Amino acid sequence: MGLYNFNELYNIAKTREFKAVGSFNLHCLEMLPAFFKAAQKTNSPLMIQISTGTAQYLGYRLLVDSVCSLAESQNVPTCLHLDHCSNISDIQTAIDAGFSSVMYDGSHLSIDENIKNTCAVINIARQSNISVEGELGAIGGAEDGKATAAEHISFTTVEDAKRYVDETGVNMLAVSVGTVHGLYTGKAQIQHQRLAEISEATQIPLVLHGGTGVSDDDMRRAVTEGINKVNVGTEMNVQWVAQCKSTFDKGKVNDSVRKFLIPANDAVTRVLVEKISLFK
Ligand code: 13P
């Protein structure tokens, strides 16, 4: 079974009565089987997203080969997506390696520059049937060690979103509507009206970044207002590290390392299962 691009995966998700696809950040290879377990438990297709930091750490080809192998053996329709990337040559590397979806993040640029670069990425991606996600507006918080300060957060406007989508033809658009990347001190305040208006104006799948810290009610509502891809990263990392801290601390040095990691992977599966259940 080959990998699916976002639109193909989303179509499968709809036939299984999901309103949105969860896109989950993989932080290390050990976590990978836990993602597939969750997809099987929920009968959901699976979108796995990789930061450029993780891709460089593990290697693009190793990721593609491992994900393809599990997708086939576990019979789970899967999309492998490069998360937040502002470097076109890294995007080319991911496509050459076999990723089936990429995000070009030009949200820090002027809209003219963002449109120009997004079109260049789409030119490359279309030749290989790869989906492209763009971003408009600035989502706050910390992502892969890079922080956006609160004063630099800017919400996506309906006018910019429509222009960007019309001029680029992106497959999906990440919007800044009140979530932030990373851990929250409180729950996110999602701007539902803005979200619904952007969806109405653009008519393409919208992406909610910063899925960690969004209340269940907000999440259930957002997927009825045009959010068709939900990114979750920090929550799995937190659970994995918390479990490892406790198992490593209690274990002996000659215990198989596998014993320490199984509870961490089980915790990751639980997070995915809970999140996926909100997308129906
Ligand atoms: P969280 O880490 O806040 O869940 O966000 C993940 C994300 O949006 C990745 O692009």
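Quick caveat: nothing in here was measured; it's all calculated off a predicted structure.

## Looking at the site of the ligand
Part 1 of the reasoning: Of all residues adjacent to the ligand, which total 16 residues, the nearest are G182, G210, T212, G233 and T234.
Part 2 of the reasoning: Here an oxygen atom of the ligand sits 2.8 Å away from a polar atom, N or O, in the main chain of G182.
Part 3 of the reasoning: Here an oxygen atom of the ligand and a side-chain polar atom of N231 are 3.1 Å apart.
Part 4 of the reasoning: Computed on the free molecule, the ligand has an accessible area of 310 Å², of which 98% lies beneath the protein chains in the complex.

## Here we look at helix α6 (residues 111-126)
Part 1 of the reasoning: Here α6 contains 16 residues, and its C-alpha end-to-end distance of 22 Å stays within 8% of the 22 Å for a straight helix at 1.5 Å per residue.
Part 2 of the reasoning: All of the buried residues along α6 are I111, N114, I115, N117, T118, V121, I122, I124 and A125.
Part 3 of the reasoning: The inward-facing, buried residues of α6 abut α5 (88-97), β4 (101-104), β5 (131-136) and α7 (158-168).

## Re the nonpolar core
Grouped burial of nonpolar side chains is what soluble globular proteins tend to show.
Part 1 of the reasoning: Of all hydrophobic cores here, the largest spans 87 residues; its most connected members are F35 and I48.
Part 2 of the reasoning: Setting aside residues up to four positions removed in sequence, F35 forms contacts with F24, N25, L26, L46, I48, M236, V268 and L272.

## Description of the pairing of β4
Part 1 of the reasoning: In β4, alternate side chains face the same way, and those of S101 and M103 on one face and V102 and Y104 on the other are all buried.
Part 2 of the reasoning: Strand direction decides the pairing type here: strand β3 (residues 78-85) and β4, joined by three bridges, are parallel. Across the sheet, the residue bridging to H81 is S101, located in β4.
Part 3 of the reasoning: Taking the sense of rotation as the criterion, the β-α-β connection linking β3, α5 and β4 turns out right-handed.
Part 4 of the reasoning: Handedness of the β4-α6-β5 crossover: right-handed.

## Concerning the pattern of salt bridges
Part 1 of the reasoning: Here the structure, examined in full by the defined rule, presents 10 salt bridges.
Part 2 of the reasoning: Note that E133 and K229 form a salt bridge whose closest N and O atoms lie 2.7 Å from each other. Of this pair, E133 sits in strand β5 while K229 sits in strand β11 (residues 227-232), and the two are 96 residues apart along the sequence. Exposure class is identical for E133 and K229. Each is buried.
Part 3 of the reasoning: Notably, a salt bridge pairs D255 with K252, separated by 3.7 Å at the nearest N-O pair.
Part 4 of the reasoning: Each of D112, R163 and E167 takes part in one network of salt bridges that share partners.

## Overview of the packing of helix α2 (residues 32-42) against helix α11 (residues 257-277)
Part 1 of the reasoning: It is at 8 Å that the axes of α2 and α11 come closest, and there the two elements cross at 40°. Relative to α11, α2 is oriented oblique. Note that α2 runs across α11; the crossing there is right-handed. Counted together, A34, F35, K37, A38, K41 and T42 of α2 and N265, D266, V268, T269, L272, V273 and I276 of α11 form the full contact between these two elements.
Part 2 of the reasoning: When grouped by side-chain class, the residues that make up the contact of α2 with α11 number seven nonpolar, three polar and three charged.

Calculation notes
- Residues numbered from 1 in each chain as written.
- Predicted model: local features only at pLDDT ≥ 70, side-chain atom pairs only at ≥ 80, totals over all residues.
- Heavy atoms only, no water.
- Near = heavy atom within 4 Å.
- Polar contact = N/O pair within 3.5 Å; in protein donor to acceptor, adjacent residues only side chain to side chain.
- Areas by Shrake-Rupley, 256 points an atom, 1.4 Å probe, with all protein chains shown as cover.
- Helix = DSSP H or I, 4+ residues; strand = E, 2+ residues; numbered from the N terminus.
- Expected span 1.5 Å × (residues − 1).
- Buried < 20%, exposed > 50% of the residue type's maximum accessible area, 1.4 Å probe, protein only.
- Contact = heavy atoms within 4.5 Å.
- Core = buried A, V, L, I, M, F, W, Y, C linked by side-chain atoms within 4.5 Å.
- Pairing = 2+ DSSP bridges.
- Right-handed = clockwise from strand over helix to strand, strands pointing away.
- Salt bridge = Lys/Arg side-chain N within 4 Å of Asp/Glu carboxyl O.
- Axes fitted to C-alpha atoms, helices over the stretch in contact; angles between N-to-C directions.
- Parallel < 35°, antiparallel > 145°, perpendicular 65-115°, else oblique.
- Left-handed = near helix turned anticlockwise from the far one by under 90°.
- Nonpolar A, V, L, I, M, F, W, Y, C, P; charged D, E, K, R; others polar.

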